[in-house]
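Now for the letters of each chain:
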Amino acid sequence: MIDQRAWSVRVHEDFRDLEQLEGQWNHWAEDPPFRRYDWQRTWWEVYGPGSLSRKRSRLCILEVRHGETLAGIVPLYREWHPLWGWVLRWLGSGEVCSDYLGPIAPACYQEHVGRVAIIALHALALGKSRFQDVAIDRSAAPRLTCHRIDWDGMRADDPAVQAVRIQAETLKWALDVRPTESSWQLALPRTWGEYLDSLQPRSVRRRYRKLSRAYLDHPDLVLHVVGKQEVFGTPCDDNWQSAWNILVQLHQARRRQLGDQGLFASTQFEVFHRRILTEYLPSGRAALAWLEWQGQPIAAEYLLLSGKTVMAYQSGINPDFLTLSPGHLMSLSLIREAIRWGFETFDLLRGDEPYKRHLGARPTPLVRIRAAPPQVSARWRFTLWNWGRHSRELLRRMKAKNIDFVGTMMEDDQVAAVDS
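Residues numbered from 1 in each chain as written. Predicted model: local features only at pLDDT ≥ 70, side-chain atom pairs only at ≥ 80, totals over all residues. Heavy atoms only, no water.

S.K.: What am I meant to see in helix H8 (residues 241-257) here?
M.R.: One turn of an α-helix holds 3.6 residues; hence residues three or four places apart share an orientation. Taking 1.5 Å of rise per residue, 17 residues should cover 24 Å, and H8 covers 24 Å from first to last C-alpha, within 8% of that figure. Looking at the residues trailing H8, positive phi occurs at Gly259, about 95°. (Helix = DSSP H or I, 4+ residues; strand = E, 2+ residues; numbered from the N terminus. Expected span 1.5 Å × (residues − 1).)

Right, dumping it as structure tokens:
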């Protein structure tokens with residue numbers, strides 16, 4: 001049983017104060033790149049107060065100790081919103097869409113760090129330097145205010161998540177916890193044949209077997225991979241700019257065809273990933289792949305590598321080759337190669353698109369937690385937000401019913417016309 005009498009929290013507003021904790025941070029992050037020190041520090045350097053979109057933002061990293069022992073790190077930042085006030089979010093959130101976020105702590109401390117984090121934020125909202133069994137050092141951030149937390153991308157089964165919910169309810173916080181899109185993981189078998197045999201239902205298995213026979217071994221279909229040679233076992237081009245350009249072009253072309261701007265229309269998004277890849281490609285934490293058919297790029301993928309796991313982070317397909325099913329061909333090619341490379345899991349990350357289930361992946365539920373401390377200003381802001389959310393949901397339901405009603409009337413008119 002862990003002694004509960006000697007917890008302390010220090011609030012940091014500068015990454016330079018945390019440089020000595022980088023090694024411990026990465027060790028506890030359990031290797032998903034989204035939780036690593038370098039990923040989150042780079043995110044803050046690109047998306048922090050130096051950016052136009054977040055001029056009024058402040059770092060707010062909680063260093064949690066039990067006695068003299070470092071127990072965990074809670075990597076947050078706070079951002080001003082004219083309606084919701086100061087909102088605390090995870091570093092790495094937003095358009096970068098980092099998954100598996102949460103407190104950074106060893107297994108034995110995860111629940112305690114989640115509990116202590118909420119107690120510390122509660123005390124800071126009250127302007128206290130101590131609350132219950134937790135002492136708070138605000139010397140690095142003397143004017144910290146929190147009107148609300150908005151934590152996304154957390155695993156529903158994370159012990160820290162459960163501790164956050166219980167402690168927030170105990171302290172009478174207004175709380176809204178709801179599931180978001182799941183992340184999807186595929187456990188890789190030992191051989192490609194075993195993988196194809198495992199696909200369900202039979203119609204999917206037949207389709208993928210047909211694609212495999214027709215294209216995967218065809219000499220006109222070539223998979224290129226840029227990354228660390230020791231990981232992939234094939235010569236890789238040190239100049240990854242051409243692979244990056246292919247990914248950006250295909251992603252943007254497909255998104256424009258579907259009617260949106262595409263992620264790479266954001267300068268910050270591209271700058272962030274260029275900086276990450278400069279470090280992650282040579283170290284074997286990332287790879288860029290593209291698929292060619294008869295010399296033409298038809299699909300591209302940005303991969304993140306974590307231990308024995310390949311993560312399909314971002315993709316693009318050539319809209320001129322949709323009849324070839326380039327997205328499916330790229331997924332199948334990468335899964336086959338991941339088996340050959342010796343990986344054990346293929347992670348398709350967040351998003352409930354049907355193709356992920358067809359590929360044999362299984363969902364991991366994620367949640368989003370919004371909560372406000374029991375202070376008048378924070379509570380009325382949260383009530384206003386909740387009212388707006390309910391209003392939007394009601395309008396969506398009414399719109400959907402109206403579409404169904406109009407559709408039924410059109411069907412009735414068509415029937416009447418046929419009868420007449």
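Picking up after the structure, the text goes on.
S.K.: Looking at this model, I keep getting lost on the side chain of Ser183. Mind explaining?
M.R.: For Ser183, the position within the fold is in strand S9 (residues 183-187). Here the side chain of Ser183 touches Tyr100 through a polar contact of 3.1 Å, side chain to side chain. Once you skip the residues sitting within four places of it in the chain, Ser183 turns out to touch Asp99, Tyr100, Leu349, Arg350, Arg362, Pro363, Thr364 and Leu366. (Polar contact = N/O pair within 3.5 Å; in protein donor to acceptor, adjacent residues only side chain to side chain. Contact = heavy atoms within 4.5 Å.)

S.K.: I tried to follow the sheet that holds strand S2 (residues 57-66) on my own but got confused; where do I start?
M.R.: Strands pair in a sheet through their backbones, by hydrogen bonds, and they do so in one of two ways: parallel or antiparallel. Strand order in the open sheet formed by 9 strands is S5-S6-S1-S2-S3-S4-S7-S16-S8, with mixed pairing between adjacent strands. Each end of this open sheet is capped by a strand with a single partner; those strands are strand S5 (130-131) and strand S8 (174-179). (Pairing = 2+ DSSP bridges.)

S.K.: What am I meant to see in the pairing of S9 here?
M.R.: The side chains of a regular strand alternate, residue by residue, between the two faces of the sheet. Across the 5 residues of S9, 4 count as buried, placing the element largely inside the fold. Across 3 bridges, S9 lies against strand S15 (residues 362-364) in antiparallel orientation. Bridging across to S15, Ser183 finds its partner in Thr364. (Buried < 20%, exposed > 50% of the residue type's maximum accessible area, 1.4 Å probe, protein only.)

S.K.: How do you make sense of the sheet that holds strand S10 (residues 221-226) when you look at a structure like this?
M.R.: Spatially, the 7 strands line up as an open sheet ordered S10-S11-S12-S13-S14-S9-S15, and their pairing is mixed. Each edge of the sheet is formed by a strand with only one pairing partner; in this case those strands are S10 and S15. Shown here is a sheet whose adjacent strand axes are inclined to one another by a mean of 30°, direction ignored. The pairing of strand S11 (residues 286-293) with strand S12 (residues 296-306) spans 8 bridges and is classified as antiparallel. The residue bridging Leu288 from the neighbouring strand is Tyr302, located in S12. Taken strand by strand, helix H10 (residues 326-341) contacts S9, S10, S11, S12, strand S13 (309-317) and strand S14 (345-350), and its axis lies near 45° from that of S12. (Axes fitted to C-alpha atoms, helices over the stretch in contact; angles between N-to-C directions.)

S.K.: Is there a simple way to explain the pattern of salt bridges in this structure?
M.R.: By the definition in use, this model includes 29 salt bridges. Arg10 serves as the salt-bridge partner of Asp137, at 3.6 Å between the closest nitrogen and oxygen. On the criterion of sequence distance, the pair formed by Asp137 in strand S6 (residues 134-137) and Arg10 in strand S1 (residues 7-12) is long-range, its members being 127 residues apart. The class for Asp137 is partly exposed, based on a relative accessible area of 31%. Looking at Arg10, the relative accessible area reads 34%, which means it is partly exposed. Residue Asp150 pairs with Arg148 through a salt bridge whose shortest N-O separation is 3.9 Å. In this pair, the class of Asp150 matches that of Arg148, namely buried. Linked through salt bridges whose partners overlap, the residues forming this network are Glu79, Arg89, Arg148, Asp150, Asp176, Arg178, Arg368, Arg370, Arg389 and Glu393. (Salt bridge = Lys/Arg side-chain N within 4 Å of Asp/Glu carboxyl O.)

S.K.: For this particular structure, what's the right way to read the environment of Asp347?
M.R.: Position of Asp347 relative to the elements: it lies in strand S14. The class of Asp347 is buried, set by a relative accessible area of 3%. Expressed as a C-alpha distance, the spacing of Asp347 and Thr309, which sit 38 residues apart in the sequence, is 6.8 Å. When sequence neighbours within four positions are dropped, the list of residues in contact with Asp347 reads Tyr100, Trp184, Gln185, Thr309, Val310, Met311 and Ala312. Engagement of the side chain of Asp347 in a polar contact is seen with the backbone nitrogen of Leu349, the distance being 2.8 Å.

S.K.: Hey, could you run me through unusual backbone geometry in this one?
M.R.: Most peptide bonds take the trans configuration, and most residues that are not glycine carry a negative phi. Each neighbour pair has its own omega, and for Gln200 with Pro201 the value is -5°, a cis peptide bond. Structurally, Pro201 is set in the loop between helix H5 (192-198) and helix H6 (202-216). Here the phi dihedral of Lys172 falls at roughly 65°; this positive angle occurs in a residue that is not glycine. Note on placement: Lys172 falls in the loop between helix H4 (159-170) and S8. Among the residues examined, Lys172 registers a relative accessible area of 59% and is labelled exposed. Despite not being glycine, Gln294 shows a phi value in the positive range, around 55°.

S.K.: Explain the packing of helix H3 (residues 110-126) against H4 to me, please; I cannot follow it from the model alone.
M.R.: Think of two packed helices as two axes; the pair is described by the angle between the axes and how far apart they sit. H4 packs onto H3 with a crossing angle of 35° between their chain directions and a minimal axis gap of 7 Å. Along this stretch, H3 crosses H4, giving a crossing that reads as right-handed. In this structure, H3 contributes Gln110, Glu111, Gly114, Arg115, Ile118 and Ile119 to the contact, and H4 contributes Pro159, Ala160, Ala163, Val164, Gln167 and Ala168. (Left-handed = near helix turned anticlockwise from the far one by under 90°.)

S.K.: Would you mind showing me how to read H4 here?
M.R.: With 12 residues, H4 extends 17 Å between its outermost C-alpha atoms, agreeing within 8% with the 16 Å of an ideal straight helix rising 1.5 Å per residue. The set of residues buried in H4 consists of Ala160, Val161, Ala163, Val164, Gln167 and Ala168. All buried residues of H4 project into a common sector of 160° when viewed along the axis, lining one side. Buried positions along H4 lie against H3, strand S7 (148-155), S8 and strand S16 (366-372). Downstream of H4 by one or two residues, Lys172 has phi in the positive range, about 65°. (Arc of directions from axis to C-beta.)

S.K.: Before we go on, may I ask you to explain the packing of aromatic side chains in this structure?
M.R.: Aromatic ring pairs are reported here in terms of the distance separating the ring centres and the angle at which the planes meet. As enumerated under the stated definition, the model contains 24 aromatic pairs in all. Between Trp7 and Tyr109, the ring centres sit 5.9 Å apart and the planes meet at 85°, which makes this aromatic pair edge-to-face. Separated by 102 residues along the polypeptide, Trp7 in strand S1 and Tyr109 in the loop between strand S4 (85-90) and H3 bring together distant segments of the chain. The exposure classification of Trp7 matches that of Tyr109, with both residues buried. On the numbers, 6.4 Å between centres and 80° between planes, the contact of Trp341 with Phe343 is edge-to-face. According to the relative accessible area criterion, Phe343 is buried, its value standing at 9%. Across the ring face of Trp86, the terminal group of Arg78 is positioned such that the distance to the ring centre comes to 4.4 Å. (Phe/Tyr/Trp six-rings, centres within 6.5 Å; stacked < 30°, edge-to-face > 60°. Lys NZ or Arg CZ within 6 Å of the ring centre and 35° of its normal.)

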